[in-house]
Structures are given as structure tokens and as C-alpha cells.
Amino acid sequence: MKTSIPEAFAAARARGAAAFMPFVTGGFPDLDTSLELLMALDRAGADLIEVGIPFSDPLADGPVIQHSSQLALEAGVTPAAVLELVGRASKRVQAPMVLMTYFNPMLAMGLEEFAQRAAAAGAAGVIIPDLPPEEAGPWLEAAQGSGLDTVFFAAPTTPPERLGLVAQATEGFLYYVSMTGVTGSDLELAPELLAAIEAARRACPLPVAVGFGVATPAQAANLAQVADGVIVGSALVKLMLEAASPVDGLAACGELAGGIAAALEIGA
Amino acid sequence: MTGSPASSAAPRPWQSQPDKEGHFGSFGGRYVPETLMPALAELSAAYAEAKEDGRFQDELSELLRDFAGRETPLYEARNMSQRLGQARIFLKREDLAHTGAHKINNVLGQVLLAKRMGKTRIIAETGAGQHGVATATGAALMGMQCLIHMGTLDIERQAVNVERMRMLGAEVAPVEAGSCSLKDAVNAAIRDWVTNVADTHYIIGSVVGPHPYPMMVRDFQAVIGHEARRQILERAGRLPDLLVACVGAGSNAIGLFHPFLDDEVRMLGVEAAGHGLDSGEHSASLVAGRPGVFQGASLYLLQDVQGQVHEAHSVAAGLDYPGVGPEHSLLKDLERVSYTAVEDGQALKAFVRLTREEGIIPALESAHALAALEDIVPGLPADSIVVVCLSGRGDKDLAQVMARMEDAS
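Analysis parameters
Residues numbered from 1 in each chain as written. Chains lettered and ligands numbered in written order. Predicted model: local features only at pLDDT ≥ 70, side-chain atom pairs only at ≥ 80, totals over all residues. Heavy atoms only, no water. Phe/Tyr/Trp six-rings, centres within 6.5 Å; stacked < 30°, edge-to-face > 60°. Helix = DSSP H or I, 4+ residues; strand = E, 2+ residues; numbered from the N terminus. Buried < 20%, exposed > 50% of the residue type's maximum accessible area, 1.4 Å probe, protein only. Contact = heavy atoms within 4.5 Å. Buried area = accessible area lost by both parts, 1.4 Å probe. Salt bridge = Lys/Arg side-chain N within 4 Å of Asp/Glu carboxyl O. Nonpolar A, V, L, I, M, F, W, Y, C, P; charged D, E, K, R; others polar. Pairing = 2+ DSSP bridges. Right-handed = clockwise from strand over helix to strand, strands pointing away. Patch = residues over 30% accessible without salt bridge, like charges linked within 9 Å, V, L, I, M, F, W, Y side chains within 5 Å. Areas by Shrake-Rupley, 256 points an atom, 1.4 Å probe, with all protein chains shown as cover. Axes fitted to C-alpha atoms, helices over the stretch in contact; angles between N-to-C directions. Parallel < 35°, antiparallel > 145°, perpendicular 65-115°, else oblique. Core = buried A, V, L, I, M, F, W, Y, C linked by side-chain atoms within 4.5 Å.

### Side note on the packing of aromatic side chains
Residues and elements named next belong to chain B.
Thinking step 1. As enumerated under the stated definition, the model contains 12 aromatic pairs over all chains in all.
Thinking step 2. Seen from their ring centres, Tyr-47 and Phe-220 are 5.6 Å apart, and the 70° between their planes marks the pair as edge-to-face. Here Phe-220 lies in helix H9 (residues 213-221) and Tyr-47 lies in helix H1 (residues 37-52), a separation of 173 residues in the sequence. Comparing Tyr-47 with Phe-220 shows no difference in burial state: the two are buried.
Thinking step 3. The interplanar angle of 55° and the centroid separation of 6.2 Å between the aromatic rings of Tyr-202 and Tyr-213 together place this pair among those described as tilted.

What follows is the structure in C-alpha cells.
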């Protein structure tokens, strides 16, 4: 039986650590390397893994994830291929996998079809950065009974009255966006941020994981003081983008992931 | 005289749109990252308040009159009317508005609103550069910092407008992603807004994006239709039979159409068929696309079977956009407005034709609306009245058109 999202967070908590959730652009640099990368991150200590479905217009993402998505699309990677990738990986990795996709590719596949295929592939949940709770009705209906958790966001701009709304709507965990910005921007660990994460934890009965701009083990350890989980995306994708070969990229990602996983254990 | 048979009938499905969450039927809405949701709520509230505030409306009317030069004339194009026969063709001269296009109508409304909201920085996207120039103008007027996101392809083909924006004190940020044109500039502007939302207002240039933009931009552009309605009643003593406007994302068209929706008036939106609808290189979202979610709203969209968004093509940079406003999407489905598309070559011919026939150099965007008249007007009943939105002036397009003419000769 696959580990669920709550089980993964509970296991990290039981170890006294924050959960580590690395992000992978599905199909970048190619589908086979993606599979290797998922396995390498799993071995390096990932508690959950976020798998991105490349989209032509990723408006919540910074240059690094944009670029990797564009390269994957140029190489012919489709949403269906990423779902198959997750299906192949789910037999080989322990960490539950959470899909990250913009809404239009889901609509194009058909919402029920997407839910069915994602669940059949073994995905544990879906993160949809351009689908706020207000517009999520049709998707939540389609996903009903699939077992997929739909993860919603809170951000530094989210006022207290709205925090309650997203905290109640989210499933699996609450994704706290560390900054007003896109993925991969420079993260400043100000006291206000830590206080805001604590407020989100008070508002949300589920675990709160923090992402956007987390690049180093030290940043991750700092966030682990207040967060239930830490999400690292662009920093890993960047290593793969800059690597001389997929093998080098896998090694570099494995090393950074191992460092962050270790920092989260100690930081806890 | 101004009353119409439709106004006493049961509510029509296009009335009282959008709903409170910004839905035009199944279109529109707010499909944006969480970071922007509070900013959109704030903007909606500020706009609702301003709309009811007489002082805001007075200030806007004064700016439209004294700064933008409204009302714009309704010009009867007699030479063209005579050649095509059957109809009196009137051109709504948005090309004569300050900065040379209808874009200023929306910009003046939004900069006033931004000032009222305490924002100090203005950003915008631009394709043809007309919205960028209008925004840079509005920011200069209000003393606000201004940054315009523009695709590198458009920077190249609209060099004159880039110079105008810079002269007005705006920074032009080149966008080198995707097709390096309008849709990529919108992505860049949304990312900028997500990052700087506290002090920044994003002036979207058309009736797209998340709620309240499609409604708010429509309201600011509806001045076109309100004036045209009054003018044609004065001039012809009756309402027109047909309205025609080009449709990229759709702001000049909705601005002209909206005040006539409840009247017995036919409407035609003209999209860009680029190299031809079969070539795959066009911008005809309504004619050849299907519904999807893009840049904050549900709308008709050019996309592949996987839901990846196509790069649009048109000789007119201002039409080069793969989506189209949610309200147009609804009006198409309701069959209240007809939509067609004309190719680059037809638009270029119409550009030259109007220049020589009426002494008016139209924007290549507006030339699409003019091109559609060639087929339609000869088939109209005698003594029809047609109002066409001449959305902008064509000085910006001269270099491109002349290069094409040399190629052809």
C-alpha cells in the first residue's frame, strides 16, 4: 500500500523532522532521467515528491522551472507521459508523489479522465497553482472518490479571513508560499515570514509545507523550525539544467537533496 | 427613437453579466495564483466604489474630454460607401484619440483607480505598443513609475512605439520567452505583479485576465459605443444595422458592441486569420479555438489537444494573442455576435485602400475590420447603416507595410 500524504508528514514528525518535498519537472531532461531522479530523491531522504507537468505558460513559475518546462515540451513530453512516468515511479519510490499542474492541461484531458489516470498512476495528490478554491468546484467533484488530495495555497498576501477559507479547503497539506514572487526567487527568512507560517499552522488542521525560493540546507533548516514541511524546486531543477550530462545532474541533485534532508533532521 | 423592441422583453442571457465572481456564463472567473487573489478582491472593491463615486466619474470624464480628446468623431466614409454600394459606412474615429488608439480610454480609468488605491507603480503588457504608449502616457500624467513588458519580436516590429514609451519615461522590459510576443508579455506582467503586488497596479490592456479586468476594461471602453450610439442617432436618425470591429483579445469590439447589445443591431467581430486558418498560423481564437483556462480566465483559446497554448500569429501585433475575452466567448456561444476572420494579405490591402480612398491611415489591427466590409457590404439591403470601429492609427505600421509592398512589387 502506498504511503499517503498524511502518513508521510506523520512519519517525519515522528522522527522529529520537517518533511522534505523536492520538486521534479516531469520529463526533464527526459522521461528516463526523470524516473532516475525520482528514485535518487527518494533514496536521498525525500518524504514526498512533487512532480510537475510541463505547461506552455507557467505563470506562477520563475525562469528556471519555465525553462525546464519549455525544454520538456520541445522534447515532446505530454501530460499523459508524465502520468505514465508517475505510474512507473510509484513501484520504485517510497515517497508519495504529488502532481503539480496548471489547470488547462487537466481540462484538455477531461477532469474525470485526469483524476482517474492520476489515481491509477499512484499519485497521492494534485497541486494546481492557477486554481483557487473559488474555481475548484468542478475539479473537486471530478476527483471525488479518486483518493487524490487537492492541495491549496496560502501566501503572505492572504488576509486572516481568507486564510481560514484556504486552510479549510485544502487537502493533504497546506502549501504556504514563502514570498510574493514566483518560484526560484531569492528567499529572505524574515521574522515576519516565520510568524506568518505559524499563523497558517494555527489556522490549518493539516500540515503546512513551505515552498518558493528554498535553495540551501541552511534555509530549509530555518524553515523547519516553524513548518511541517519544506519544498525545494528551482534549486534542484537548476542543477539539472546546468549539469554537463544527465548523470552529472542526477549526482548533483542527489547531493543537494541529501544535504537538505540531513539539515531537516538536525534542524528539528 | 432610442427605445428598442428588445428592451421591454424578458432579460436576455447577455444581460447582468458577469456574476459576482466574474463569470460570463461558464467563462471568465479568477484562475490565478493565491498571491493575487487578495489583490483582485481589493481591485474589485475599489472599482465598485469608484464606479458609484460621482467625483471619480467627473474626473474621468474631464480627462477623456480634455486630455484624450473625446468625443471622437463618427466619420461617414463616403468614398468607401459609394464604391461598395448598399450602405452608409461610418467610422468611429478612435485613431483620433490621444496616443492614437482606443487604449487610452481604459488606461485613464485605470490610472485614476490606481492613484485612488495608493499604488505608486504601474505595469502593463503591450503587443502593438499602443497600450504600452497609452499606459506610459497615463503614468507620466499621474507622476507614477511605469514599466512595460513587451516581447522581443514586438519590440522589433513596433520600434516607433518603443521609442515613444521610453520618451514618456517608461521602462520597456524585453520578454524573450515562447513566441516573444503579447501572450509572453502578459505572463511576464503577471509574474511582475505577483512579485510587487503591494505597491503595483497592473493595467491589463484588454478584456482578458481575471475578474474584475474583463468587466472593468469593458466599462471603460464602452464610451466608444455610448458615443457612437448618440452620434448615429443624431446623424442618421436611427440605430445602425451592423457594427464591425476587429477582435484580438477584444477590447475595442466590446467597447463598441456593449451599449447596443439590447438593440436590434447585428454585430460582427473580425479576428486575424494570419496566414490562413488552415496554416495553423493565425489568431482566430473564437473562429478556430475551443474553451480553456488561460492567464486568469476561462475563455476561447488556441491550444493543442494536450492543452498547451498555441503561439498566435498575425501581421497586426495587437491581434497576436491566442485567447479572447470571456464576454466575447459568451456572446459567441449565445450567437448574439458573429465572428469571422480575415488573413494578413486582406488586412494589408484594406490598410492601403483606406489610406488612398479616405485619406486615413488605419492601424493594421483596425484594417482587419475594414477588410471584412469588402465581402459583407455588397450583400446588405440597400440603405443599410454600418458603424466600424477604427480602433487606431497606422503610423506605427508604416515601415512594415511598406516593406511588404516592396516584397510584393
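Resuming the write-up.
### Focus: the interface of chain A and chain B
Thinking step 1. Between chain A and chain B, the residue contacts involve 36 residues of the former and 29 residues of the latter.
Thinking step 2. Summed over both partners, the interface of chain A with chain B comes to about 2600 Å²; 53% of that surface belongs to carbon and sulfur atoms.
Thinking step 3. Where chain A packs against chain B, one counts two salt bridges.
Thinking step 4. Across the pair Asp-57 of chain A and Lys-183 of chain B runs a salt bridge, and its minimum N-O distance is 2.8 Å.
Thinking step 5. Of the residues forming the side of chain A that touches chain B, the biggest block, five residues, is contributed by helix H5 (residues 103-109) of chain A.
Thinking step 6. Here the side of chain A that touches chain B is composed, by residue class, of 21 nonpolar, nine polar and six charged.

### Some points on the pairing of strand S2 (residues 49-52) of chain A
Two faces make up the sheet, and in a regular strand the side chains alternate between them.
All names here are of chain A.
Thinking step 1. Burial along S2 is two-sided: Ile-49 and Val-51 and Glu-50 and Gly-52, pointing in opposite directions, are all buried.
Thinking step 2. Here three bridges tie strand S1 (residues 19-25) to S2, and the two strands are oriented parallel to one another. Within S2, the residue paired with Val-24 across the bridge is Val-51.
Thinking step 3. Tracing the backbone out of S1, into helix H2 (residues 31-43) and back to the parallel element S2 gives a crossover that is right-handed.
Thinking step 4. The pairing of S2 with strand S3 (residues 97-100) spans four bridges and is parallel. Each bridged residue has a counterpart across the sheet, and for Ile-49 the counterpart in S3 is Met-97.

### Some words on the pattern of salt bridges
Thinking step 1. Throughout the structure, instances matching the rule amount to 35 salt bridges over all chains.
Thinking step 2. Here Asp-47 of chain A and Arg-15 of chain A are joined by a salt bridge, their closest N and O atoms 3.2 Å apart. One end of the pair, Asp-47 of chain A, is in the loop between H2 and S2; the other, Arg-15 of chain A, is in the loop between helix H1 (5-14) and S1, and 32 residues separate them in sequence.
Thinking step 3. By relative accessible area, which is 11% here, Asp-47 of chain A ends up buried.
Thinking step 4. With a relative accessible area of 39%, Arg-15 of chain A lands in the partly exposed category.
Thinking step 5. Its salt-bridge partner being Arg-218 of chain B, residue Asp-219 of chain B comes within 3.1 Å of it at the nearest N-O pair.
Thinking step 6. Among the residues examined, Asp-219 of chain B registers a relative accessible area of 21% and is labelled partly exposed.

### Notes on a nonpolar patch on the surface
Thinking step 1. A contiguous nonpolar patch, built from Ile-361, Leu-398 and Met-402 of chain B and spanning about 230 Å² of accessible area, is present on the exposed surface.
Thinking step 2. The class of Met-402 of chain B is partly exposed, set by a relative accessible area of 47%.

### Section: the sheet that holds strand S4 (residues 87-93) of chain B
The strands that make up a sheet are held in pairs by hydrogen bonds between backbone atoms, and each pair lies either parallel or antiparallel.
Residues and elements named next belong to chain B.
Thinking step 1. Spatially, the six strands line up as an open sheet ordered S3-S4-S14-S9-S10-S13, and their pairing is mixed. Looking at the sheet topology across the chains shown, the edges are occupied by strand S3 (74-76) and strand S13 (338-343). In this sheet, adjacent strand axes meet at a mean angle of 25° when their direction is disregarded.
Thinking step 2. Alignment of strand S9 (residues 242-246) against strand S10 (residues 266-274), held across five bridges, turns out to be parallel. The residue bridging Val-244 from the neighbouring strand is Leu-268, located in S10.
Thinking step 3. Strands S3, S4, S10, S13 and strand S14 (384-390) of the sheet are contacted by helix H14 (residues 344-358), whose axis makes an angle of about 90° with S13.

### A look at the packing of H14 of chain B against helix H15 (residues 364-376) of chain B
To characterise two packed helices, one gives the angle between the axes of the helices and the distance between these axes.
Residue and element names in this part refer to chain B.
Thinking step 1. The interhelical angle for the contact between H14 and H15, taken along N-to-C directions, is 90°, at an axis separation of 7 Å. Judged by the inter-axis angle, H14 sits roughly perpendicular to H15. Packed against H14, whose contacting residues are Gln-346, Ala-347, Leu-348, Ala-350, Phe-351, Arg-353 and Leu-354, the element H15 presents Leu-364, Ala-367, His-368, Leu-370, Ala-371 and Glu-374 at the interface.
Thinking step 2. Residues of the contact of H14 with H15, tallied by class, amount to nine nonpolar, two polar and two charged.

### Section: the nonpolar core
Thinking step 1. Ranked by internal contacts, the top residues of the largest apolar core, which has 201 residues, are Trp-139 and Phe-173 of chain A.
Thinking step 2. In contact with Phe-173 of chain A, other than residues within four places in its own chain, are Ile-5, Phe-9, Met-21, Ile-127, Val-151, Phe-152, Leu-206, Pro-207, Ala-209 and Ile-231 of chain A.
Thinking step 3. Judged by nonpolar contacts, the second largest core, of 35 residues, contains Leu-84, Ala-367, Val-388 and Leu-390 of chain B.

Note that all results are geometric; they support no functional claim without further evidence.
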